[in-house]
Amino acid sequence: MLHMRATFNTAVTTLTRTDTLDNHGFMLEFTNIGARPITVTGHEWQLPFQKHRLLFMPHMDVRSAAITTRLPCELTDGKSGHVFYPDDFFLELEDREKALFHPNRLIAYLRIRFFKILIGTSVGKKVHVAIRRPARDALWAQYVESRHDG
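Residues numbered from 1 in each chain as written. Predicted model: local features only at pLDDT ≥ 70, side-chain atom pairs only at ≥ 80, totals over all residues. Heavy atoms only, no water.

J.: Where do I start with helix α2 (residues 105-114) in this structure?
T.: In an α-helix, one turn spans 3.6 residues, which is why side chains three or four residues apart end up on the same side. For α2, the full list of buried residues reads Ala108, Arg111, Ile112 and Arg113. The backbone nitrogen of Leu106 lies 2.9 Å from a side-chain oxygen of the residue at the head of α2, namely Asn104. (Buried < 20%, exposed > 50% of the residue type's maximum accessible area, 1.4 Å probe, protein only. Helix = DSSP H or I, 4+ residues; strand = E, 2+ residues; numbered from the N terminus. Polar contact = N/O pair within 3.5 Å; in protein donor to acceptor, adjacent residues only side chain to side chain.)

J.: Any chance you could explain the pairing of strand β7 (residues 116-121) here in plain terms?
T.: Within a regular strand, the side chains alternate between the two sheet faces. Of all six residues in β7, five are buried; the element is thus mostly enclosed. Bridge count for strand β3 (residues 38-46) against β7 is six bridges, and the pairing is antiparallel. Each bridged residue has a counterpart across the sheet, and for Glu44 the counterpart in β7 is Leu118. Linkage of β7 to strand β8 (residues 126-128), two consecutive antiparallel strands, is achieved through a turn of four residues, within which Gly124 is found at a positive phi near 85 degrees. (Pairing = 2+ DSSP bridges.)

J.: Can you help me understand the nonpolar core in this one?
T.: Note on soluble globular proteins: their nonpolar side chains tend to be buried together. Judged by nonpolar contacts, the single largest core of 34 residues is most densely connected at Phe8, Phe30, Trp45 and Phe90. Listed by contribution, the elements that provide at least two residues to this core are β1 (4-14), β2 (21-32), β3, β5 (73-75), β6 (80-86), α2, β7 and α3 (133-149). Counting residues per element, this core draws most heavily on α3, which supplies five residues. (Core = buried A, V, L, I, M, F, W, Y, C linked by side-chain atoms within 4.5 Å.)

J.: Would you mind showing me how to read the side chain of Ser64 here?
T.: Looking at the element boundaries, Ser64 is found in helix α1 (residues 62-65). Ignoring sequence-local partners within four residues, the contact set of Ser64 consists of Pro58, His59, Phe84 and Pro86. (Contact = heavy atoms within 4.5 Å.)

J.: I would appreciate a short explanation of the pattern of salt bridges in the present structure.
T.: Opposite charge on two side chains makes pairing possible when the charged atoms of those side chains draw close. For the structure on display, the rule yields five salt bridges. Note that Glu44 is salt-bridged to Lys126, the shortest N-O span being 3.3 Å. On the criterion of sequence distance, the pair formed by Glu44 in strand β3 and Lys126 in strand β8 is long-range, its members being 82 residues apart. In this structure Glu44 comes out as buried when scored by relative accessible area, which is 13%. Residue Lys126 is classed as partly exposed on the basis of its relative accessible area, which comes to 42%. Asp95 is paired through a salt bridge with Lys98; the nearest N and O atoms lie 4.0 Å apart. What makes Asp95 partly exposed here is its relative accessible area of 38%. (Salt bridge = Lys/Arg side-chain N within 4 Å of Asp/Glu carboxyl O.)

J.: What exactly am I supposed to notice about unusual backbone geometry here?
T.: Glycine aside, the phi torsion of most residues is negative, and most peptide linkages are trans. Omega for the bond connecting Leu71 with Pro72 falls within 30 degrees of zero, at 0 degrees, which places this linkage in the cis form. Looking at the secondary structure, you find Pro72 in the loop between α1 and β5. For Phe49, which is not a glycine, the phi torsion comes out positive at approximately 65 degrees.

Taken by themselves, the reported measurements are silent on function.
Printed below as a string of structure tokens:
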């Protein structure tokens, strides 16, 4: 049995200077809380009413590459991994309507309120991520703001 704690929440990190918190976004954090090592192979997003899953690669963004754990990675007891999504990551997606920010307001609301994230492991088990309410609220605020801007 895998013993891992995983959360997705809002985050503020340093980017330009080591003494200034200036990089807002979202952090997926996963921690091995068991004695047995776990190899994390990736993570996937599952949207409501869709059979396929989405794979995002925020480590390709220069702003998050330095603070995102390279996958696959092995976590021993107490060790953590992180995946940082910059604040505008979901706004800047090429096909953002296929992800969270659908043009229909009701569909976007349902996607943001009920999406799931699953952590993949080398043994084929998936670990469900606890998505914190502040993250969902921030994503909804981004969606609403983007509708007024555009």
